[in-house]
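# Descriptive analysis of the structure
Single-letter residue listing:
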Number of protein chains: 2
Amino acid sequence: MKRQGILIIISGFAGVGKGTLVKRLVQKYDRYALSISMTTRAPRPGEENGREYFFVTKDEFERQIKENGLIEYASYCGNYYGTPRAYVEEQMAQGKDIILEIEIQGAMKVKERFPNAVLIYVLPPSAAELEGRLRGRATETEEKIAERLSRAAAESEGLEQYDYVIVNDDLDECECELHGILCAAHFTPGQNISFINELRNDLKKFQKGETTV
Amino acid sequence: MKRQGILIIISGFAGVGKGTLVKRLVQKYDRYALSISMTTRAPRPGEENGREYFFVTKDEFERQIKENGLIEYASYCGNYYGTPRAYVEEQMAQGKDIILEIEIQGAMKVKERFPNAVLIYVLPPSAAELEGRLRGRATETEEKIAERLSRAAAESEGLEQYDYVIVNDDLDECECELHGILCAAHFTPGQNISFINELRNDLKKFQKGETTV
């Protein structure tokens, strides 16, 4: 079966370590590529255009929306965030598995347009552990931590919409599980429809009494 | 996440080698158990009750149907074939992945009753290769080969009903892929619903303003 790239969506609560996980996968395996989002928010110190995000103006972003240049987008705290279509499709055509790190609303929109997309949710080992990790981030205030946990509770309602859930307890183990799931995801009928159709056509020749394939 | 057994259905055209594949998995990994079908057909020389099949009378089989003792059954060439429920449920409760080697009609019935069941179809590398393998079996007449290929063509229409398709080209590779898919199948939300619900409940405590989990 010819290898075709898949579209992978990774979501997870803030603080669960999904960014680290995704970075490790992309660094370790040549087959993965990371999608870069487009945003209208200003770059933070140290951020580079085309690395963390594609930084564009509001006009440019809205032009992309109009021209169907984004496979999903949302506005958050007064800024647009979206996934440029061209890069995603290019990578998949090259046989790469392209990873989108986005939230559930975006994930659902992508799944509608790309029904073969694989949706994975990264979970913490427990609520207490998630709280601990958020507290461990020096940058988070008490108020911010409470807000993130409350948001995690709300987000957890959508978990059944995902194809797979993994627990990020041990990072090595979780990376291995994630890679295994993504390997398995190449074996769905949808992902192998050309091979299936060819086999069907050849088998039908036997049904019609033709002797050679 | 606590490991719960999954119900695995393996189907495939006659001659594709699914029996060999399944036997290897069960011999190699302790986590897999093979379901034994019940039938009303007479044992063939060398077949043992409780090994190849549970051989029962028609009356006994019909009593099992009435008492909901079978998770699926069908009649074929005047004989009943079915999957006894008790053994399947016992093995899953013990955390084993139980493998059913059945055809698509049975597979669909099982999926209705066990929505978390994982359905896998084993394919030949090509129609020509399948024909070659059938010819390689000394027992098959020309007529029988034509019948099996014609049947494969008809069966191939149902492939999209399956969760995964694998190609049995190299047996080692195919076994490895199958095992990988079955590992991944443990990470669906449906398979981890107790863990998810516990996490949700704990996160909700934060939402309500309780400070400790």
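Note: the structure precedes this text.
Let me sum up the structure you'll find in this document. Quick caveat: nothing in here was measured; it's all calculated off a predicted structure. (Residues numbered from 1 in each chain as written. Chains lettered and ligands numbered in written order. Predicted model: local features only at pLDDT ≥ 70, side-chain atom pairs only at ≥ 80, totals over all residues. Heavy atoms only, no water.)

### Quick notes on unusual backbone geometry
With a phi close to 60°, Asn68(A) is a non-glycine residue in the positive phi region. Residue Asn68(A) is classed as partly exposed on the basis of its relative accessible area, which comes to 42%. (Buried < 20%, exposed > 50% of the residue type's maximum accessible area, 1.4 Å probe, protein only.)

### A look at the side chain of Ser35(A)
Residues and elements named next belong to chain A. Tracing the sequence through the fold places Ser35 in the loop between strand E2 (32–34) and strand E3 (37–39). For Ser35, a relative accessible area of 12% corresponds to the buried category. When neighbours within four sequence positions are excluded, Ser35 is seen to be in contact with Thr83, Tyr87, Val88, Ile98, Ile99 and Leu100. (Helix = DSSP H or I, 4+ residues; strand = E, 2+ residues; numbered from the N terminus. Contact = heavy atoms within 4.5 Å.)

### Observations concerning the interface of chain B and chain A
Between chain B and chain A, the residue contacts involve 45 residues of the former and 45 residues of the latter. Of the roughly 3,700 Å² buried between chain B and chain A, counting both surfaces, carbon and sulfur atoms make up 71%. Of all residues in chain B, the largest losses of buried area upon contact with chain A belong to Phe187(B), Arg200(B) and Leu203(B), amounting jointly to 17% of the total for that side. In this structure, the connection of chain B to chain A is made through four salt bridges. Between Arg200(B) and Glu160(A) there is a salt bridge, with its nearest N and O atoms 2.5 Å apart. Connecting chain B to chain A are nine residue pairs in polar contact (both at pLDDT 80 or more). The set of elements that each furnish at least two residues to the side of chain B that touches chain A consists of helix H5 (127–136), helix H6 (142–155), strand E9 (164–167), helix H7 (171–184) and helix H8 (193–207) of chain B. (Buried area = accessible area lost by both parts, 1.4 Å probe. Salt bridge = Lys/Arg side-chain N within 4 Å of Asp/Glu carboxyl O. Polar contact = N/O pair within 3.5 Å; in protein donor to acceptor, adjacent residues only side chain to side chain.)

### Focus: the side chain of Gln64(B)
All names here are of chain B. Positionally, Gln64 belongs in helix H2 (residues 58–66). Under the relative-accessibility criterion, Gln64 is labelled buried at 17%. If we ignore the near neighbours within four places in the chain, the residues touching Gln64 are Met38, Gly69 and Leu70.

### Quick look at the sheet that holds E3(A)
Residues and elements named next belong to chain A. Taken together, four strands build an open sheet; the order of strands is E4-E3-E6-E5 and the sheet is mixed. The sheet is open, and its two borders are formed by strand E4 (53–55) and strand E5 (70–76), each paired with just one other strand. Going from strand to strand, the sheet's axes swing by 25° on average, the running direction of each strand aside. Two elements, E3 and E4, share three bridges in a ladder whose sense is parallel. From the neighbouring strand, Ser37 faces E4, where its bridge partner is Tyr53. Its contacts with the sheet put helix H3 (residues 85–93) on E5 and strand E6 (79–84), and the angle it makes with E6 is roughly 25°. (Pairing = 2+ DSSP bridges. Axes fitted to C-alpha atoms, helices over the stretch in contact; angles between N-to-C directions.)

### Here's the deal with the packing of helix H5 (residues 127–136) of chain A against H8(B)
Interhelical geometry of H5(A) versus H8(B) gives an angle of 50° and a closest axis separation of 9 Å. As summarised for this structure, H5(A) and H8(B) are arranged oblique, according to the angle between their axes. Where H5(A) abuts H8(B), its residues Ala127(A), Leu130(A) and Glu131(A) lie against Leu199(B), Asp202(B), Leu203(B) and Phe206(B). Looking at the contact of H5(A) with H8(B) residue by residue, the class counts come to five nonpolar, no polar and two charged. (Parallel < 35°, antiparallel > 145°, perpendicular 65-115°, else oblique. Nonpolar A, V, L, I, M, F, W, Y, C, P; charged D, E, K, R; others polar.)

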